[in-house]
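What follows is each chain in one-letter form.
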Amino acid sequence: MILAHAGHAESIASAWEAPPAVLAGAALALALFAQAFIRLRRRGRADHAGWDRAALFVTGVVLGTLALVSPLDYIGEEYLLSAHMLQHVIIGDLAVALAVVALRGPLTFFLIPSAVLGRLARLGWLRSGLRFLLNPKVAFVLWAVVIAAWHVPAAYDYTLTHQLVHDIEHLSFVVVGMLVWIQLVDPARRRELGLAGKLALAVGLFAAGQILADVLIFAMRPLYGSYADQPERLWGLSPLEDQRLAGLVMMGEQLLTLGICVALLLIAQHRALFPRASGERRAAA
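These remarks concern the structure in this document. (Residues numbered from 1 in each chain as written. Predicted model: local features only at pLDDT ≥ 70, side-chain atom pairs only at ≥ 80, totals over all residues. Heavy atoms only, no water.)

Our focus in this paragraph is the overall build of the protein. The helix and strand tally for the protein stands at 15 helices and 2 strands. Relative to a compact globule of 285 residues, whose C-alpha radius of gyration would be 19 Å, the protein shows 21 Å and is just as compact. Split into buried and exposed, the 285 residues of the protein put 41% on the buried side. Of the contacts formed within the protein by residues at least 6 apart in sequence, a portion of 76% connects residues at least 24 apart. Taken together, the 23 basic and 20 acidic charged side chains of the protein have centroids lying 22 Å from each other. (Helix = DSSP H or I, 4+ residues; strand = E, 2+ residues; numbered from the N terminus. Rg over C-alpha atoms; globule rule 2.2 N^0.38 Å. Buried < 20%, exposed > 50% of the residue type's maximum accessible area, 1.4 Å probe, protein only. Contact = heavy atoms within 4.5 Å. Lys, Arg positive; Asp, Glu negative; His and termini not counted. Charge placed at Lys NZ, Arg CZ, Asp CG, Glu CD.)

Think of two packed helices as two axes; the pair is described by the angle between the axes and how far apart they sit. For the pair helix 3 (residues 51-69) and helix 5 (residues 81-102), the least separation of the axes is 8 Å and the interaxial angle reads 165 degrees. Relative to helix 5, helix 3 is oriented roughly antiparallel. Classified by chirality, the crossing of helix 5 by helix 3 is left-handed. In this structure, helix 3 uses Arg53, Leu56, Phe57, Thr59, Gly60, Leu63, Gly64, Ala67 and Leu68 to contact helix 5, whose residues at the interface are Gln87, Ile90, Ile91, Leu94, Ala95, Leu98, Ala99, Val101 and Ala102. Looking at the contact of helix 3 with helix 5, its residues break down into 13 nonpolar, 4 polar and 1 charged. (Axes fitted to C-alpha atoms, helices over the stretch in contact; angles between N-to-C directions. Parallel < 35°, antiparallel > 145°, perpendicular 65-115°, else oblique. Left-handed = near helix turned anticlockwise from the far one by under 90°. Nonpolar A, V, L, I, M, F, W, Y, C, P; charged D, E, K, R; others polar.)

Another point: the packing of aromatic side chains. Geometrically, a pair of aromatic rings is defined through the distance of the ring centres and the angle of the planes. Across all of its chains, the model carries 6 aromatic pairs by this definition. Ring centres of Phe33 and Phe37 lie 5.8 Å apart, and the angle between their planes is 25 degrees; this geometry places the pair in the stacked category. Residue Phe33 and its partner Phe37 are both found in helix 2 (residues 20-42); the two are separated by 4 residues, about one turn of the helix. You'll find Phe33 and Phe37 in the same group, each marked buried. Under the relative-accessibility criterion, Phe37 is labelled buried at 6%. Put simply, the rings of Phe33, Phe37, Trp51 and Phe57 touch in pairs and so form one group of aromatic residues. (Phe/Tyr/Trp six-rings, centres within 6.5 Å; stacked < 30°, edge-to-face > 60°.)

Turning next to the nonpolar core. Across soluble globular proteins, nonpolar side chains show a tendency to be buried alongside one another. Leu81, Met85, Trp181, Leu184, Leu205 and Leu216 are the most contacted members of the largest nonpolar core, which totals 36 residues. What Leu216 contacts, discounting residues up to four positions off in sequence, is Leu81, Met85, Leu223, Tyr224, Gln243, Arg244, Ala246 and Gly247. Core analysis: the second largest hydrophobic core is formed by 15 residues, Ala26, Phe57, Val61 and Leu103 among them. (Core = buried A, V, L, I, M, F, W, Y, C linked by side-chain atoms within 4.5 Å.)

We now examine the layout of surface pockets. Empty space among the atoms becomes visible once a probe the size of a water molecule is rolled across them. There is about 740 Å³ of room inside the second largest pocket. Looking at the second largest pocket, it is lined by 26 residues, and the ones nearest its centre are Leu184, Val185, Cys261, Leu264 and Leu265. The set of elements that each furnish at least two residues to the lining of the second largest pocket consists of helix 5, helix 11 (163-185), helix 12 (195-218) and helix 14 (239-273). When residues in the lining of the second largest pocket are grouped by element, the largest group, 10 residues, is from helix 14. Grouping the constituent residues of the lining of the second largest pocket by class yields 17 nonpolar, 3 polar and 6 charged. (1 Å grid on protein atoms, 1.4 Å probe; cavity = no way out; pocket = protein on both sides within 12 Å on 5 of 7 lines; lining within 4 Å. Points joined across faces, edges and corners; volume = space filled by probe spheres on them.)

The next point concerns the pattern of salt bridges. Close approach of charged atoms lets side chains of opposite charge pair. One pass over the full model with this rule turns up 2 salt bridges. The closest approach of N and O atoms between Asp47 and Arg45, which form a salt bridge, is 2.6 Å. In this structure Arg45 comes out as partly exposed when scored by relative accessible area, which is 35%. A salt bridge links Arg190 to Glu192, with the nearest nitrogen and oxygen atoms 3.3 Å apart. (Salt bridge = Lys/Arg side-chain N within 4 Å of Asp/Glu carboxyl O.)

This part covers the side chain of Thr65. Tracing the backbone shows Thr65 in helix 3. With sequence-adjacent residues up to four places away left out, Thr65 is seen in contact with Val22, Leu23 and Ala26.

So, on to empty space enclosed by the protein. Here the structure, examined in full by the defined rule, presents 4 cavities of 30 Å³ or more. Put simply, the largest cavity is a space of about 140 Å³. Together, Met85, His88, Val89, Gly92, Asp93, Trp143, Ile147, His151, Phe173, Met250, Glu253 and Gln254 line the largest cavity. Those elements that provide at least two residues to the lining of the largest cavity are helix 5, helix 9 (136-150) and helix 14.

Within the secondary structure, Gln87 sits in helix 5. Within the structure, the side chain of Gln87 is placed 3.4 Å from the side chain of His170, a separation counted as a polar contact. Not counting residues within four places of it along the chain, the set of residues in contact with Gln87 comprises Ala67, Leu68, Leu72, Asp73 and His170. (Polar contact = N/O pair within 3.5 Å; in protein donor to acceptor, adjacent residues only side chain to side chain.)

What follows is about helix 2. Across its 23 residues, helix 2 extends 33 Å between first and last C-alpha, which sits within 8% of the 33 Å expected from 1.5 Å per residue. For helix 2, every residue scored as buried is listed here: Ala26, Phe33, Gln35, Ala36, Phe37 and Leu40. Residues of helix 2 that are buried make contact with helix 3 and helix 6 (107-110). Immediately beyond the C-terminal end of helix 2, within one or two residues, lies Gly44, with a positive phi of roughly 80 degrees. (Expected span 1.5 Å × (residues − 1).)

Here it is as structure tokens:
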């Protein structure tokens, strides 16, 4: 049955939530960025704390928050796998990418107040753990394992009926997304990967993501019982059409984010190799 009458439309439109953990996380992220932004500008380094950085960071936080508090969350949990996939790629990829790009350079080191950073730096286990997690190979493997494991049908269906597990799933997407985007953007200039390494990682992320996308697109039957057994079909999408759309959503989002990343990396490399030609073109423009 197609959901079309006013009652369902109204229930979807009003399905806004305010999870305290999500709002608190967003508020903390904005507060940390704001104090880093202000501190760096007060030191006369507006070149590293421009308003474009603020716009990027706020956009990332807003997108990630809206994906979790807007009707998209309700639609993804109750009706459409494709909506749920859209939510996942926003919080675990797009929003994270925007935030990490905004923080590149000195802003990264100002993000945590100096008094807190000093205490954290003295924790050997924390330094060792971060060093391990920020290894490019470890970051990629963790990302691939987390994405694959949560999309196993039994695990995926389980999260839809257990809110705490669902929240842990979302948090894990954010964490592994941050780990791989730190490798690609290198906001702290750690230089763990050169251009070739970053391009290889981007290709590897896309290839791993496409394995899941292809499974969803080319499967001959619905894989997720929670959606296949849904008696009311939103927008007339059958379970199989919805599943294929979910695969296309993942493919399209990866093409967008990783494609732009690769293009920017190549442009930056070209400017580094041919600074004079790049400067002449900018002057002519």
